[in-house]
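# Architecture and fold: a report
So you can see what is in the structure, the chains are spelled out below.
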Amino acid sequence: MKVLKFGGTSVGSAESLRNVKNIVASREESEIVVVSALGGVTDQLVKMSAQAEKGDSSYLDTLALIHERHVNLIDELFEDASKASALKEEINSLMGRMGDILHGVCLLQTLTESISAEILSFGERMSCRIAAALLNASLHDSLKLIKTTLKNGKAVPDLQIINPRLQQEFKGFETGCKVAVMPGFISTDRDNGKITNLGRGGSDYTASLVAAALGARVLEIWTDVDGFMTADPRIISTSYVIKELSYREAMELCNFGAKVIYPPTLYPVRAKNIPILVKNTFNPSASGTIITEHCSCTKSITGISSIDNTCLLTLSGNSMVGIVGVDGRIFSTLADSNISIFMISQSSSETGISIGVGACDGEKARQLLEEEFKHEIEMGSINHIKISSNLATVAVVGDNMKNNAGLAGKLFTTLGRNGISVIACAQGSDETNISFVVESRFLRKSLNVIHDSFFLSECQELNVFICGVGTVGSKLIEQIAAQQQKLRKDRNLKINIVGIARSNAGIFDRNGLDLSRWKEELKNGKKLNPSTLKDEIISMNIFNSVFVDCTASAEVAGLYMDFFEHGISVVAANKIAASSDYENYKALKECSRRRNVKFLFETNVGAGLPIINTINALVNSGDRIQKIEAVLSGTLNFIFNTLSEDIPFSKAVKMAQEQGFSEPDPRIDLSGKDVMRKLVILSREAGYKVNQEDVEAKLFIPDELFNCSMEEFWKRLPSLDAEFESKRKQMQEQDRRFRFVARMDNGKFSVALESVEHDHSFYVLDGSNNIVLLTTERYHQHPMLIQGYGAGADVTAAGVFADIMSIANI
């Protein structure tokens, strides 16, 4: 035999009731069906009671709507006119009784608890009659079977009466394949016989009491969801059904906001070791969630639950140390006013205790505690009660959290890395629940980052903002789009581009932009400047966020610090920040480390070549960089490799511009400033304190060419052709070649145009390749050499992509 409970949505319409009928019809054993009121009816009954108590006759409108709904439902379900007529008579009788009660309440403007309970009982009393008729089942009266007694102002089941009554009522029921229907939620007082109830959600409790009393094989809770989810699916789109839960895990999740099962439901069946199966009336083929004493889940965290709109009350004072009974006074004071405490956090020094309550109870609870501790507050031994609002409480639940060293550390580190501050926390002695309080605005982000970081999600997510859609930015978007499916399949990594911005506009979507349409959408994007771009990104408050700077803007580089402070990593193709004043560079590095986010700029030097990563690896492993020698300008290397008897210097410069190797104004490359910035960046990463002005620059272009207009520059540039041709011939005779070399030698820094011999490592350097020689304490006689493409949108974008991937692997 088994017990099935169907909730309000499951019995709320003709279609859903037909689903119930199909589910019951497929039975292979006797079943007791417990039903709730039609969906929404209990809320209407509460509303009517409040209206009548105020003398507001508008309750009659709601009363008529309830009556009409039940009558219409009967008409939809039953073709047999006599059966429908008999049912309507029963409904009319119950509605008449309820109308009389409400009329009396309206006249007297008084609503006692017992009258309120009777009014609320009519929802189940009507729905059970319709369900029993539809299922051709016997109907059993919960008002006679479920008895309660008053404890602390609350009606609680009296099992000594309930169990024998249920056992007598259903004696021999398990034989055959019978069906019985009972209304949930409703009960009567054992002493005076007045109608009571088991609380909102009490139909689950009724079903559990019946299952435990009769030793059912299983208790099935049929609702409108597929089961317990790993997190709230309205917030976490990647949440999924938990196939197995222990009673303890289910209890923790229910107590912290997972409204799948009314929490007391678990107690009776757990005592009898009866499993609970949560199923979806509207998707009966789904496997659902099975709840037993032990489950086979191997993940450290089973699920996440949360309560929004909470507040924290804090009692503090140095004189609280050693005082016995403070906690008891807090709990008693609030319990007497039916205020539920869902979390407690106390300092080990006993100088403060914080309690979590619902926002609706916050101010009332503060006033009650102020009154309770009035004497201590006046004496100064306890401070005034502090209330903190606009908070949310998150519970991380799992039996496998027990004795799992480092899990709490990982949890709070993960939150901190994403810029989420924990206001209070608590952990039970059984180690199956870690609860913490955050600002409400961080709730979505907290749930997402925990769900993602603890492998509750089917894949890890990385949310990327790209600023700058020139050649590098556009190529990066193209490369990410091409790899998204492969990364999802092979690495379980989902890269969402959630924002794309250019200098004056941007488009954003926290669920990920359609990368096949971003160019068209950006044309009509939101108007932006660097300040509003920063505000937009921070206000989105997305977990696992990365800001990618593919601009050359100093204003955009100036946003990095704010991003770090809000838990957003930065990947920069933009060289400005890493080559800025040393103190600013140092502050950015320190902030990123302190906030546990990444500041990566591999492509600042050598495009996609692993130069900075290699230097970092050497330094971090204890080596010391003594000398850096490098050809770092793909543009200048292209120019000097292109020089020939047929191609003079001015033409080689023009070719570099036309083929995209140089900036639109090639003087930026010819000035050597870009190489100086790169040398500064490499030297800093090698551990040297250096600014750009510390670099000695030996330029090969007259100063006057840098101070004229572009038009004048192109006119005057050919005047240098003869000099360069003469030098080229001379070097050709000596088997030498031009190279613009950046050099750091034990703290001395320079850039200069040099001629290198044929046996030098820099001699063979094709096209726009870069090369770096690193002389270290370990690599002293034979320096480490890194060589390859050092310019071009494809390789630079690939280098940026690689930095993004390294963040995904944190």
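What comes next concerns the included structure. Computed from a prediction, not measured in an experiment: that's the story for all the values here. (Residues numbered from 1 in each chain as written. Predicted model: local features only at pLDDT ≥ 70, side-chain atom pairs only at ≥ 80, totals over all residues. Heavy atoms only, no water.)

## Topic: the overall build of the chain
Summing up its helical and strand segments, the chain has 29 helices and 31 strands in all. Relative to its length of 810 residues, the chain is extended, with a C-alpha radius of gyration of 37 Å against a globular reference of 28 Å. The principal-axis extent of the C-alpha atoms belonging to the chain is close to 115 × 70 × 50 Å. In the chain, which comprises 810 residues, the share counted as buried stands at 54%. Contacts in the chain between residues far apart in sequence, at least 24 positions, make up 72% of those at least 6 positions apart. For the chain, the accessible surface area stands at approximately 35,600 Å², while carbon and sulfur atoms represent 47% of it. Of the charged side chains in the chain, 86 are positive and 98 negative; the average position of the first set lies 2 Å away from that of the second. (Helix = DSSP H or I, 4+ residues; strand = E, 2+ residues; numbered from the N terminus. Rg over C-alpha atoms; globule rule 2.2 N^0.38 Å. Buried < 20%, exposed > 50% of the residue type's maximum accessible area, 1.4 Å probe, protein only. Contact = heavy atoms within 4.5 Å. Areas by Shrake-Rupley, 256 points an atom, 1.4 Å probe, with all protein chains shown as cover. Lys, Arg positive; Asp, Glu negative; His and termini not counted. Charge placed at Lys NZ, Arg CZ, Asp CG, Glu CD.)

## Description of the pairing of strand β16 (residues 386–397)
With 9 bridges joining them, strand β13 (residues 303–316) and β16 adopt antiparallel strand pairing. Each bridged residue has a counterpart across the sheet, and for Thr314 the counterpart in β16 is Lys386. Pairing geometry for β16 and strand β18 (residues 433–439), over 7 bridges, is antiparallel. Bridge pairing links Val397 to Asn433 in β18. (Pairing = 2+ DSSP bridges.)

## Focus on the nonpolar core
By size, the foremost hydrophobic cluster in this structure holds 103 residues, and its most contacted members are Ile450, Phe547, Tyr560, Phe649, Leu670 and Phe700. For this core, the leading source of residues is helix α26 (residues 673–685), giving 6 residues. Leave out the neighbours within four places in its chain, and Phe649 touches Ile639, Phe640, Leu643, Leu670, Phe700, Ile701, Leu717, Leu720, Asp721 and Phe724. Leu45, Met126, Ile130 and Trp222 belong to the second-largest nonpolar core, a separate cluster that totals 52 residues. (Core = buried A, V, L, I, M, F, W, Y, C linked by side-chain atoms within 4.5 Å.)

## Considering the packing of helix α3 (residues 59–77) against helix α4 (residues 81–108)
Running from N to C, α3 and α4 cross one another at 170 degrees; their axes reach a closest spacing of 10 Å. Classified by the angle their axes make, α3 and α4 are roughly antiparallel. Of the residues in α4, those touching α3 at Tyr59, Leu63, Ile66, His67, His70, Val71, Ile74 and Asp75 are Ala84, Leu87, Lys88, Ile91, Asn92, Met95, Met98, Gly99, Leu102, His103 and Cys106. (Axes fitted to C-alpha atoms, helices over the stretch in contact; angles between N-to-C directions. Parallel < 35°, antiparallel > 145°, perpendicular 65-115°, else oblique.)

## Section: the side chain of Thr414
Locating Thr414 in the fold gives a position in helix α14 (residues 407–417). Residue Thr414 is classed as buried on the basis of its relative accessible area, which comes to 2%. Polar contacts involving the side chain of Thr414 include one to the main-chain carbonyl oxygen of Lys410, which spans 2.7 Å. Other than its neighbours up to four places away in sequence, Thr414 contacts Val449 and Ser453. (Polar contact = N/O pair within 3.5 Å; in protein donor to acceptor, adjacent residues only side chain to side chain.)

## A word on the environment of Leu214
By secondary structure assignment, the location of Leu214 is in helix α8 (residues 202–214). For Leu214 and Ala231, which are 17 residues apart along the polypeptide, the C-alpha to C-alpha distance reads 34 Å. Residues in contact with Leu214, not counting those within four places in the same chain, are Met1, Ile32, Leu166, Gln167 and Phe170.

## Some words on the pattern of salt bridges
Scanning the entire structure with this criterion turns up 37 salt bridges. One salt bridge in this structure joins Glu629 and Arg743, with 3.5 Å as the shortest N-O distance. Linking Glu629 in strand β26 (residues 625–631) with Arg743 in strand β28 (residues 736–745), this pair joins segments that are 114 residues apart in sequence. A relative accessible area of 12% places Glu629 in the buried class. (Salt bridge = Lys/Arg side-chain N within 4 Å of Asp/Glu carboxyl O.)

## Here we look at the packing of helix α2 (residues 41–53) against helix α5 (residues 113–135)
Packed helices, taken two at a time, are described by the angle their axes make and the gap between the axes. Running from N to C, α2 and α5 cross one another at 155 degrees; their axes reach a closest spacing of 9 Å. Between α2 and α5, the crossing angle belongs to the class labelled roughly antiparallel. In this structure, α2 meets α5 at a crossing whose hand is right-handed. Taken together, the residues of α5 that come into contact with α2 (itself represented by Val41, Thr42, Leu45, Val46 and Ser49) are Ile119, Leu120, Gly123 and Glu124. Grouping the amino acids of the contact of α2 with α5 by side-chain chemistry returns 5 nonpolar, 3 polar and 1 charged. (Left-handed = near helix turned anticlockwise from the far one by under 90°. Nonpolar A, V, L, I, M, F, W, Y, C, P; charged D, E, K, R; others polar.)

## Thoughts on the sheet that holds strand β30 (residues 769–776)
Taking strand neighbours across the sheet as the criterion, the 6 strands line up as β27-β29-β28-β26-β30-β31 in an open arrangement whose pairing is mixed. Edge strands, defined here as strands with exactly one partner in the open sheet, are β27 (696–698) and β31 (784–789). On average, each strand axis in the sheet is inclined to that of its neighbour by 20 degrees, with strand direction left out of account. With 6 bridges connecting them, β26 and β30 associate as antiparallel partners. Counterpart to Ile628 in the pairing with β30 is Leu774. Helix α23 (residues 634–642) contacts β26, β28, β29 (748–757) and β30 of the sheet and is inclined by roughly 155 degrees relative to β28.

## Observations regarding the sheet that holds strand β14 (residues 343–346)
In space, the 6 strands of this open sheet follow the order β14-β15-β13-β16-β18-β17, with antiparallel pairing throughout. Since the sheet does not close on itself, it has two edges, and those belong to β14 and β17 (424–427), each with one partner. Between one strand and the next, the sheet's axes are offset by a mean angle of 30 degrees, whatever the strand orientation. Here helix α9 (residues 247–255) sits on the sheet in contact with β13, β16 and β18, set at roughly 60 degrees to β13. Helix α12 (residues 359–372) rests against β13, β15 (352–358) and β16 of the sheet, and its axis sits at about 25 degrees to β13.

## Structural notes on the pairing of β26
Taking burial as the measure, the 7 residues of β26 include 6 buried ones, the bulk of the element. In the sheet, β26 pairs with β28 via 4 bridges, with the strands oriented antiparallel. From the neighbouring strand, Glu629 faces β28, where its bridge partner is Arg743.

## Things to note about the layout of surface pockets
Of the voids in this model, the second largest pocket is the one considered here, and its volume is about 970 Å³. For the second largest pocket, the lining is made up of 34 residues, of which Thr471, Val472, Lys575, Glu663 and Thr796 are closest to its centre. Counting only elements with at least two residues in the lining of the second largest pocket, the list comes to α16 (471–491), α23, α25 (667–670), α26 and α29 (793–808). No other element matches α26, which puts 3 residues into the lining of the second largest pocket. Per-class residue counts for the lining of the second largest pocket are 12 nonpolar, 16 polar and 6 charged. (1 Å grid on protein atoms, 1.4 Å probe; cavity = no way out; pocket = protein on both sides within 12 Å on 5 of 7 lines; lining within 4 Å. Points joined across faces, edges and corners; volume = space filled by probe spheres on them.)

## Some remarks on the packing of aromatic side chains
Enumeration over the complete set of coordinates arrives at 21 aromatic pairs. Centroid distance Phe713 to Trp714: 5.2 Å. Interplanar angle 65 degrees. Geometry classified as edge-to-face. Of the residues examined, Phe713 reaches a relative accessible area of 0% and is grouped as buried. Look at Trp714 and you get partly exposed, because its relative accessible area is 22%. Feature note: the residues Phe640, Phe649, Phe700, Phe724, Phe738 and Phe740 constitute an aromatic cluster, connected by ring pairs. (Phe/Tyr/Trp six-rings, centres within 6.5 Å; stacked < 30°, edge-to-face > 60°.)

## Notes on the state of the cysteines
Considering all chains together, one arrives at 0 disulfides under this definition. Looking at Cys550, it has no disulfide partner, and the nearest cysteine sulfur is the one in Cys467, 8.3 Å off. Accessibility expressed as a relative area gives 14% for Cys550, which makes it buried. (Disulfide = S-S within 2.5 Å.)

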